[in-house]
Amino acid sequence: MCGIVGCIVAKGNVAPIIFECLKRLEYRGYDSAGIATIHEGRILVRKDAGKLSEIDAKLDLKGLPGSIGIGHTRWATHGAPSQANAHPHLDGSGTIAVVHNGIIENFMELKRELLELGHTFRSKTDTEVVAHLIQEMMKKGMDILTATAETLRKVKGSYSLAIIHTGTPDRVILARNESPLIIGIGEGFMFAASDAAAFLPYTDKAVYLENGEVAVLKIDEYKIFKIDDLRSVNRSHVVLKWTVEEAQKAGFPHYTLKEIYEQAQTVREALRLQLTYVDLVVELLDRGRDVFLLGAGTSYHACLAGSYIFSKLARLSAYPVIASEFVENYGSSIGVDTVILAVSQSGETIDVLNALEYARLRAATILGLTNVVGSTLTRISRAYVLQNSGPEIGVAATKTFTSQLTALMFLALRLARKRGKVSQAEMDALQEDLSNLPSLVNKVVKDSEPIVKEIAKQLSNAELLLFLGRGISYATALEGRLKVMELSYIPCIAYPAGESKHGPISIIEEGQPVFFVAPRDETRRYIIGNVMEMKARGARAIITCERDDDELQGLADISIPMPPTNPLLSPILYTIPYQLLAYYLALERGNDPDKPRNLAKSVTVL
Ligand code: M6R
């Protein structure tokens, strides 16, 4: 989730303004940054790894001359944070510069074609391919706009792009698909940025680009076209009423709610894993004699759900383990045949790193699933996969959890295919379920929000909440419990529903709220029994189940209806109402949902 900026000024130099804009976008990514301008017919670029202010202190970003330019603040996805991988990227002739937010899915294929044509590349990024492709199109006589549109017709994936070319030093070319891009119209300034926070101190007049559009930005005009056929689009500006902070939160009152809403997009990005790395991880998982999925907190819950998915799809027994318990529990049996897939959003959780260091010294194979390139986990892993969620600012993990689950599902499916454990028909059905996932996520967020808001009102004074689920839904129950507990501070318990009668049922008295996670899977008939047992003792059953599951709906005191889904994908969808519940309970109880007390985003103490 990088931040991009394009800017043209009528007077003076543009670089100090781009720098200020980038500072307001740093929440979108901060591992490297750079600016390119056009000056005296040449493109000048300054960029490096590190934070914006550090790079400026070293390279004087603000000192670049020129009245037109582009800038970027990066959250690495393809290629570690480094000077070479920092944006802007140039084409082979050094006359085209590009900044990009998003993922070019087919960049390997395109790069191969360009290498055959004699292009050489300086970075490991997907973005550089765009600059070279535009160059190739321009060699055929196309102007910069036509060449960009033609390039984008070959590109698959998500992007917002800002492009400058020395041949047309009066304009910035923009394009958008799935990643946000907004034009800002000022007096003597024109902007384009990933969000309006970048340019709000200069102007409140904004024009939103839509998916599949390309635009030309000049000092006194903007023109929008469809990428498909370059037919022109008329769109006038809107006047924004946001403060910079509100714009950074895209109008949401808190980052946590924004991140819950972002999940349709982040799940989509998590499906854009780089196959080369996925297959390496899959190969190494396949070779393991003992395979562990290791994580802490929410990431452990992803491991638990992942263990069901690997077992059911790929017939791989992968043992989920809480990182801080690993050495005591399994330490003595670790050896060269052990494979550990560590799941950590930050890649820096000390409990995870400690367990991995122990295993590494005993020659185990370390694999990683993380959101942060360049994190310690990426450095100590033999191979790793990036979940592509972008920075998560809310302390409670929301979008990063559903992305972890999506990535684990993707890995399991690949392994199942390698092992020949799924038929073609099953594979096709699962692929289709995965491609429908982003729109289902969107639907669940929207449909469950009003119901959950009402539940939060009713439960704001609850003294205890119980969460029950069976099979893979036990992981959902644990994650629901953690989310609600850490944001609302209400004591919460989660149990496998089958275990509830072995103890927890004794706490049930009249009116005790019990949440049941009950998708339509092979555990459903048992959970119906558990609901009845609890209700018979006075529990108030709040059941998350399929919208046409009349039997469970009939048993529920309150039901949270869900769309039908493949049971293995249910934790992704069924966790969302609990994320929203946690958020609204926090508000009801006067807590800050973005910064729950006593917690840190990355836990680096043992
Ligand atoms: O960065 P990691 O995924 O390794 O972090 C693990 C936990 O600290 C984290 O999931 C924590 O439990 C969050 N507060 C959950 O919302």
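See above for the structure.
Within every chain, residues take consecutive numbers counted from 1 along the sequence as written. Owing to the predicted nature of the model, reporting of local features is limited to residues with pLDDT of at least 70; listing and counting of side-chain atom pairs is limited to 80 or more, with chain, interface and lining totals taken over all residues. Hydrogen atoms and water are omitted, and side-chain values are computed over all heavy atoms in the structure.

### A look at the packing of helix α15 (residues 424–459) against helix α19 (residues 570–588)
Logical step 1: Every angle, taken between N-to-C directions, lies between 0 and 180 degrees, and every axis is a line fitted to C-alpha atoms, over only the stretch in contact when it is a helix. Put simply, DSSP H or I for four residues or longer makes a helix, DSSP E for two residues or longer makes a strand, and each gets a number counted from the N terminus. Where α15 meets α19, the axes come as close as 7 Å, and the angle between the chain directions of the two elements is 35 degrees. Handedness of the crossing formed by α15 with α19: right-handed.
Logical step 2: Any residue that is not Ala, Val, Leu, Ile, Met, Phe, Trp, Tyr, Cys, Pro, Asp, Glu, Lys or Arg is counted as polar, Gly included; the first ten are nonpolar and the last four charged. Counted by class, the contact of α15 with α19 contains 17 nonpolar, one polar and four charged residues. In this scheme the crossing of two helices becomes right-handed for a clockwise turn of the near helix relative to the far one and left-handed for an anticlockwise turn of less than a right angle.

### Some remarks on the nonpolar core
Logical step 1: As used in this record, nonpolar core signifies buried Ala, Val, Leu, Ile, Met, Phe, Trp, Tyr and Cys residues forming a set joined through side-chain atoms within 4.5 Å. The buried label goes to any residue with under 20% of its type's maximum accessible area, the exposed label to any with over 50%, and the partly exposed label to all in between, with areas taken from a 1.4 Å probe on protein chains only. Among the nonpolar cores identified, the biggest contains 87 residues, and F310, L313, L411, V441, L465, F467 and F515 are the most heavily contacted of them.
Logical step 2: Residue ranges for the domains trace back to a domain assignment, done automatically or taken from a database. Residues from two domains meet in this core; each of domain 2 (252–422) and domain 3 (445–599) gives at least three.
Logical step 3: Residues A15, I18, C21 and A193 belong to the second largest nonpolar core, which totals 29 residues.

### A short note on the packing of aromatic side chains
Logical step 1: The rule is short: rings of Phe, Tyr and Trp, with Trp giving its six-membered ring, pair when the centres are within 6.5 Å, and they are stacked under 30 degrees, edge-to-face over 60, tilted in between. Under the criterion given, the structure shown has 15 aromatic pairs.
Logical step 2: When the ring of F292 is compared with that of Y330, the centres are 4.7 Å apart and the planes differ by 55 degrees; the resulting orientation is tilted. Within this pair, whereas F292 is found in strand β16 (residues 290–295), its partner Y330 is found in helix α11 (residues 326–330), the two being separated by 38 residues in sequence.
Logical step 3: Assessed through its relative accessible area of 24%, Y330 is described here as partly exposed.

### Description of the side chain of K483
Logical step 1: On the secondary structure map, K483 appears in helix α16 (residues 473–488).
Logical step 2: By relative accessible area, which is 1% here, K483 ends up buried.
Logical step 3: In this structure the side chain of K483 is engaged in a polar contact, spanning 3.0 Å, whose partner is the side chain of T298. Polar contacts, as used here, are pairs of N or O atoms within 3.5 Å; protein pairs need one atom able to donate a hydrogen and one able to accept it. Residues neighboring in sequence count only if both atoms are side-chain atoms.

### Side note on the sheet that holds strand β11 (residues 205–208)
Logical step 1: Within the open sheet, the eight strands sit side by side as β3-β2-β4-β1-β10-β9-β11-β15. Their pairing is antiparallel. Every interior strand has two partners, whereas the edge strands, β3 (42–49) and β15 (238–239), have only one.
Logical step 2: Here strand β9 (residues 182–185) pairs with β11 via three bridges, running antiparallel. In the sheet register, I183 faces β11, and the bridge partner there is V207.
Logical step 3: By definition, residues are in contact when any of their heavy atoms lie within 4.5 Å. Those strands touched by helix α1 (residues 15–24) are β1 (3–9), β2 (32–39), β4 (68–74) and β10 (189–193), and its axis lies near 150 degrees from that of β1. Here the rule is simple: two strands pair whenever DSSP picks up at least two bridges between them.

### Digging into the pairing of β16
Logical step 1: Here β16 lies mainly inside the structure; five of its six residues are buried.
Logical step 2: As defined by bridge partners, β16 adjoins strand β18 (residues 338–344) across five bridges and the pair is classed as parallel. Note that in β18 the partner of F292 across the bridge is I340.
Logical step 3: Of the pairings in the sheet, the one linking β16 to strand β17 (residues 318–322) comprises five bridges and is parallel in character. Across the sheet, F292 pairs through a bridge with Y319, a residue of β17.
Logical step 4: Handedness of a crossover: with both strands directed away from the viewer, a clockwise path from the first strand across the helix to the second marks it as right-handed. The parallel pair β16 and β17 is bridged by helix α10 (residues 297–314), and the resulting crossover is right-handed.

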